[in-house]
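These are the residues of each chain, in order.
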Amino acid sequence: MPAPSPAPPAAPAPAPVRAATPTSSAVGAATGLLDAFRAGDRFLATPTRTLLAHGVLSEVPHGTDPIAERVADALAEARAGRHAAPVVMGAVPFDQDAPAALVVPETVRTGPALASDPLVALPADAPRAGDWTVRPHPEPEEYAKGVAAAVDRMWNGEFSKVVLARTLEVTGPDELDIAAMVRRLARRDPCGYTFALPTHPGRTLLGASPELLVSRRGDRLVSNPLAGSTPRSDDLAEDVRRAAALLESAKDLHEHAVVVDAVHQAMAPYCSAIDVPTRPSLIRTAAMWHLSTTVTGTLAHPEVSALEIASSLHPTPAVCGTPTPLAREVIRETEPFDRGFFTGIVGWGDADGNGEWVVTIRCAEAEERTLRLYAGAGVVAASVPEDESAETAAKFRTFLHAVGAEL
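Residues numbered from 1 in each chain as written. Predicted model: local features only at pLDDT ≥ 70, side-chain atom pairs only at ≥ 80, totals over all residues. Heavy atoms only, no water.

Undergrad: What am I meant to see in the side chain of asparagine 354 here?
TA: Looking at the secondary structure, you find asparagine 354 in the loop between strand E19 (345-350) and strand E20 (355-359). By relative accessible area, which is 17% here, asparagine 354 ends up buried. Setting aside residues up to four positions removed in sequence, asparagine 354 forms contacts with Arg216, Arg217, Gly218, Ala306, Trp348 and Gly349. (Helix = DSSP H or I, 4+ residues; strand = E, 2+ residues; numbered from the N terminus. Buried < 20%, exposed > 50% of the residue type's maximum accessible area, 1.4 Å probe, protein only. Contact = heavy atoms within 4.5 Å.)

Undergrad: What should I look at first to understand the nonpolar core in this one?
TA: In globular proteins that are soluble, nonpolar side chains generally tend to be buried together. Val71, Leu102, Ile309, Leu313 and Trp357 are the most contacted members of the largest nonpolar core, which totals 58 residues. It is helix H2 (residues 67-80) that contributes the most residues to this core, six residues altogether. Excluding anything up to four places from it in sequence, isoleucine 309 contacts Val214, Leu221, Tyr270, Leu299 and Val304. Ala179, Val182, Leu185 and Ala402 belong to the second largest nonpolar core, which has 33 residues in total. (Core = buried A, V, L, I, M, F, W, Y, C linked by side-chain atoms within 4.5 Å.)

Undergrad: For this particular structure, what's the right way to read the pairing of strand E11 (residues 212-217)?
TA: Where a strand is regular, its side chains alternate between the two sheet faces. Buried residues dominate E11, accounting for five of its six residues. In this structure, E11 lies alongside E20, joined through four bridges in antiparallel fashion. Each bridged residue has a counterpart across the sheet, and for arginine 216 the counterpart in E20 is glycine 355. In textbook terms, the turn of a hairpin is the stretch between consecutive antiparallel strands, and for E11 and strand E12 (residues 220-223) this stretch comprises two residues, one of which, glycine 218, has a positive phi near 65°. (Pairing = 2+ DSSP bridges.)

Undergrad: Honestly, the sheet that holds strand E15 (residues 281-284) in this entry has me stumped. Any pointers?
TA: Two pairing modes exist for strands in a sheet, parallel and antiparallel, and in both the strands are linked by backbone hydrogen bonds. Pairing is antiparallel in the open sheet, where three strands are placed in the order E13-E16-E15. Where the open sheet ends on each side, the last strands, each with one partner, are strand E13 (226-231) and E15. Pairwise comparison of adjacent strand axes, ignoring direction, gives a mean angle of 30° for this sheet. Bridge count for E13 against strand E16 (residues 288-292) is four bridges, and the pairing is antiparallel. Residue pairing for E16: leucine 226 is matched across the bridge by serine 292. (Axes fitted to C-alpha atoms, helices over the stretch in contact; angles between N-to-C directions.)

Structure follows, in structure tokens:
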């Protein structure tokens, strides 16, 4: 009797998607991921970790179900396919009914926070000199008119706050070096949230946001709303004076209190305990001072994901206004462009509901030779149009510095 044929070899198991937890604190572990980023990858650096993702295992589909449910289904499907610890990465637009750009990557490499890596202090390569064309949309004068019209409506009692944005289109002579721009953004503000990810074929959303919408780690929730800002100064004494003045500004303190109250009210139903400081503190980026409050809570319902809570918080008065429905209408009537992913949400989440979701500000969309930059300012009844124009100009500097252009 002939010997039985050997059994065919078992099909190899799919490579696991690594858990989104830091795996090494070695010098260079975080900056190595930053330096390895290439256009088409997905990169996210937060104050707790650095992630670099390659490939797409699955896309989160567009649909009428809440985005958190669709993400949970995609992660559950990946886990059922023997991917032990899948994560989702990407962006949700300002209009949550519009298509998101969320995927479960094929592989995710993780490292510690950039700020913990001593090598992040090394300077990034300077941008190459180039002949940049800068086109504002709308023009600063038109933007100031929109602010003035909104202020008049507030004095008439129609609403109490609206965030109005403007854009810059920056075009260079050569195709953009996205990886170099991301390195400059990350090294300039390593304590913030630096991100870069594809949103459409040939288009990349990149930025360096200072504002955490919500994070969840186990049963601990954190939100860090920012509202009320002033530009930094290169002169140390003037910089300190501006920071101190911001802490005493009645206009900015009121604007900030409105945002913190909205975050508190939206988070409270998810929490068994919540702590909201009575007064804001200051945080700084390379370009701006911001009033900041860190809201912390204990999660009451373990099945609720960070993204579900982020979706309930979004958009806060910090990026939209109050009351929200009317502020949205004012934005649609005043801004001559579609915000897209600007003032949306960007971040990561895992199948256990943990994650970090950030407000998509200090950002731009890159395509071939052109960057479209976005910046907004909170407008209240005490706002001065020229001051809001100056604030948006200061916020643009984050990106103009990264490309070597001037406003």
